[in-house]
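Descriptive analysis of the structure
The lines below spell out each chain.
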Amino acid sequence: MVIGAVAYDYVEIGAMFPEAGGMSKYAQYSHGPLLGFIAAWANWISLITLIPIEAVAAVQYMSTWPWSWANWTHQFLKDGTITNSGLLVVFGFILIFTLLNYWSVRILTGFTSLISIFKIGVPTLTIVMLTISGFHPQNYGQSWHDFMPYGTAPVFAATSVAGIIFSFNAFQTVINMGSEIKNSRKNIGRGIAISLLISGVLYIILQSTFITAIDPAMIAKSGWHGIQFNSPFADLAILLGIHWLSVLLYMDAFVSPFGTGVSFVASTARALYAMEGNHHIPSFIGRINITYGIPRVAIIVDTILSMVMVSIFRSWAVLATVICTSTLIAYLTGPVTAVSFRKMGPDFKRPVKLKHLGWMAPFSFVLASLATYWAMWPTTIEVILIIILGLPFYFYYEYKAGFVNTRKAFWSSLWMIVYLIFISVISYAGSHQFNGMNWIPYPVDFIVIIIASLGFYYWGIHSWQIFPDYYQAKKLNETVKPEENDSTY
């Protein structure tokens, strides 16, 4: 629901401004360079972390292979952390991700299409086989306490900490490759909807299948917290005697992260390329290869920094929380920008005009705020500090430009600056279920965040100002084909 609500806002502005790395520019068009930089930096941090986390996931699953010939892979992981030998394999995968993106979109598209068939086919087969082998709906329990034995708070916490939110993050690849998508009116919204729908349906059915396939005797013996698998579905298949399926699942657990990593190299490179267009990072990063029409320099920079990131954060869990929190902070600008452009650019061409943006925008802003809080202290403040680390780049290039609009940009972005302070404080003072000091108990902490988030949202949509970037957005919008205009959804 969180990502679906946020993605809804981006359908309109994505179709209005179809360009490479668009999600790194929209906030700058409506609120100036400072907010644009904060949003772009946060989005880029999440994307650049996605590349190594997929490589780490592939290596992590390799380390659990149960076959005797694969014993050499067991040294890749120790206590949930990638070892030095595992790190070298991770580097190798990142290089392969990069090479598959280095020449053209055609190669990337062919590869990801092939992987997509595998990623959809194997889970579907798993659902069928596990359901046939064991179906115990009584595992859901007979009461609310049986259904949620540990309460509601862990459900919310799992969305960020367990990486559920970032697993739906692929929708922004459609936005960030907007200039390379034909018929943006139909295909941007369609691509986002299909990606979220397929992911959501598969995840829900897979989880339900896992719950109902487990022998009730195992749950009765140790409870849900006592069920621990290295590779849950593959280990469950072995318990049920479906050994051929376990082999397929071990392979899929390796191939699926591999395919996702390849896709996000493309999206991350275009996000960095777009940041160069904001004129607050070195200009050479934005160079486009004339032959292939792709940002090769950005791809190389992302590859190097991905390797640095995974060298520092070798745990999948840590990388997942960094991705979720930085992603959500970047997404907070989406609903604000979409509504702001309704006011500052009422005559702009809108290939897609959303009927329910008026209430969906504040709703998605509140959901994104709650999900940021669910990432738990101290992850919230750690990610915000990583975002702050990018500000020296911003102020250096503002200095080179003579601080022309710096004050104006500050006031236009003040709502976000105060918001980041607020979410850090509430994360520290919040309930113990989310690692806070419990000064504000659960669920009162949720109520405080909801009320405050609505205040920040309305502050944000009244903080837009006209900057030179607005005219760049206007020029881009004029390239939208007339026949694609005036569609309402």
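Residues numbered from 1 in each chain as written. Predicted model: local features only at pLDDT ≥ 70, side-chain atom pairs only at ≥ 80, totals over all residues. Heavy atoms only, no water.

Description of the packing of helix 1 (residues 2-16) against helix 16 (residues 357-374)
- Two elements in contact, helix 1 and helix 16, have axes whose closest approach is 8 Å; the angle formed by their N-to-C orientations is 135°. Judged by the inter-axis angle, helix 1 sits oblique to helix 16. Crossing geometry of helix 1 relative to helix 16 is assigned as left-handed. Across the interface between the two elements, Val2, Ala5, Val6, Tyr8, Asp9 and Glu12 from helix 1 touch Leu357, Met360, Ala361, Phe363, Ser364, Leu367, Ala368, Ala371 and Trp374 from helix 16. (Axes fitted to C-alpha atoms, helices over the stretch in contact; angles between N-to-C directions. Helix = DSSP H or I, 4+ residues; strand = E, 2+ residues; numbered from the N terminus. Parallel < 35°, antiparallel > 145°, perpendicular 65-115°, else oblique. Left-handed = near helix turned anticlockwise from the far one by under 90°. Contact = heavy atoms within 4.5 Å.)

Digging into the side chain of Thr380
- On the secondary structure map, Thr380 appears in helix 17 (residues 379-388).
- Once you skip the residues sitting within four places of it in the chain, Thr380 turns out to touch Thr325, Thr372, Ala375 and Ser427.

Section: the pattern of salt bridges
- Under the defined criterion, the tally for this structure stands at two salt bridges.
- With a closest N to O distance of 2.8 Å, Arg342 and Glu12 form a salt bridge. Here the residue Arg342 occupies a position in helix 15 (residues 333-344), and Glu12 occupies one in helix 1, the gap between them amounting to 330 residues.
- The buried category is assigned to Glu12, whose relative accessible area is 0%.
- For the salt bridge of Glu12 with Arg350, the shortest nitrogen-to-oxygen distance reads 3.2 Å. Of this pair, Glu12 sits in helix 1 while Arg350 sits in the loop between helix 15 and helix 16, and the two are 338 residues apart along the sequence.
- Residue class for Arg350 comes out buried when judged on its relative accessible area of 6%. (Salt bridge = Lys/Arg side-chain N within 4 Å of Asp/Glu carboxyl O. Buried < 20%, exposed > 50% of the residue type's maximum accessible area, 1.4 Å probe, protein only.)

Quick notes on unusual backbone geometry
- Cis geometry is found at the peptide bond from Trp377 to Pro378, where omega equals 5°.
- Residue Pro443 is bonded to the preceding Tyr442 through a cis peptide linkage, with omega at 5°.
- For Pro443, the location among the structural elements is in the loop between helix 19 (406-429) and helix 20 (444-461).
- Even without glycine at this site, Met376 takes up a positive phi of about 75°.
- Looking at the element boundaries, Met376 is found in the loop between helix 16 and helix 17.
- One non-glycine residue, Asn435, lies in the positive phi region at around 65°.
- Tracing the chain through its elements places Asn435 in the loop between helix 19 and helix 20.

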